[in-house]
Amino acid sequence: MDDPATRENIGVPKEDVPIKEKPLEFWEATTASLEHPERNEDAVYNNGRDLALVLDGVGGEEGGAMASVLALDVIRDNLNHEESDVTLIKQHMENVIRAASETIAYDKESGLTTVVALKIVNSQQAKVAVIANVGDSRAYLLRNGQFSLLTVDDSILGEDIRQKIDDATVPTDLNDFENNKFKKRNIITGSLGQDEPIEVHMTQVDLATGDKIILTTDGVHDNLTTGEMKKTLEDNEDDGAS
């Protein structure tokens, strides 16, 4: 697996003309699990300008939902300002997410949560998407027909097996070893609120006209293949285009 702390434009198709002035569009949706329809452990937010957050409570308990809300409040309140320095915002995002994790850890009623955060930075050269994640919530980029995963999971799965599982449409697409790993795909090795120090994975992408970035929880990417997510975005050309 590559070094997640310094991923910059890895696996992203190149685009000659970055965007500077075209306004961004945001769209969000969330629904509770069928296993507990009365409780939604996700927390989502976007300010319609330059910040989007997706958090997913861990463990299926009420504490996970509380952790998602607590972390969202801390991250939203500290990142809801415009910034033009990519280096500064990356450091600030990392510090804020660590602070959110500590806030959850100090709250005895809270559980754990994952997070993926997107901040748009209007640098002198281009609009830059800066992305931070902990756990298995993800960010993907659709550009010129290519669909790329931008984030790194805190997971027991290796990168090669993860890709195989993401692309599988039927169980027979996987061998016995991969099917065994598939059953353990929800086991994560990092989350906000844990006692151990967290690793905040950072990446950045220079945006281009027509780009779409989607932030997902495992409720999406565990139930849809990579191809199905790509097709859904392509079939909704007016939703969330940069």
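That block above? That's the structure.
Anyway, here's the lowdown on the structure attached to this text. Since the model is a prediction, treat every value here as computed from it, not as a measurement.

**Notes on the sheet that holds strand β7 (residues 146-149)**
Within a sheet, neighbouring strands are paired by backbone hydrogen bonds and run either parallel or antiparallel to one another. Here three strands make up an open sheet; going across it, the order is β7-β6-β9 and the pairing antiparallel. Of all the strands in the sheet, the pair left with one neighbour each is β7 and β9 (212-216). With direction set aside, neighbouring strand axes in the sheet form an average angle of 20 degrees. With five bridges joining them, strand β6 (residues 138-143) and β9 adopt antiparallel strand pairing.

**Points about the environment of Ala 129**
Inspection of the secondary structure assignment puts Ala 129 in strand β5 (residues 127-134). On a C-alpha basis, the gap between Ala 129 and Ile 213 in space is 9.0 Å, while along the polypeptide they are 84 residues apart. With near-sequence residues (within four places) excluded, Ala 129 lies in contact with Leu 118, Lys 119, Ile 120, Thr 203, Gln 204, Val 205, Leu 207 and Ile 213.

**Here's the deal with the nonpolar core**
Leu 53, Leu 55, Ile 75, Met 93, Ile 97, Val 130 and Leu 192 are the most contacted members of the largest nonpolar core, which has 29 residues in total. Top contributing element to this core by residue count: helix α2 (residues 86-106), with seven residues. What Leu 53 contacts, discounting residues up to four positions off in sequence, is Ala 43, Val 44, Tyr 45, Leu 72, Ile 75, Arg 76, Val 116, Ala 117 and Leu 215. Of all hydrophobic cores here, the second largest spans 14 residues; its members include Leu 24, Ala 52, Leu 118 and Val 205.

About the thresholds
- Residues numbered from 1 in each chain as written.
- Predicted model: local features only at pLDDT ≥ 70, side-chain atom pairs only at ≥ 80, totals over all residues.
- Heavy atoms only, no water.
- Pairing = 2+ DSSP bridges.
- Helix = DSSP H or I, 4+ residues; strand = E, 2+ residues; numbered from the N terminus.
- Axes fitted to C-alpha atoms, helices over the stretch in contact; angles between N-to-C directions.
- Contact = heavy atoms within 4.5 Å.
- Core = buried A, V, L, I, M, F, W, Y, C linked by side-chain atoms within 4.5 Å.
- Buried < 20%, exposed > 50% of the residue type's maximum accessible area, 1.4 Å probe, protein only.

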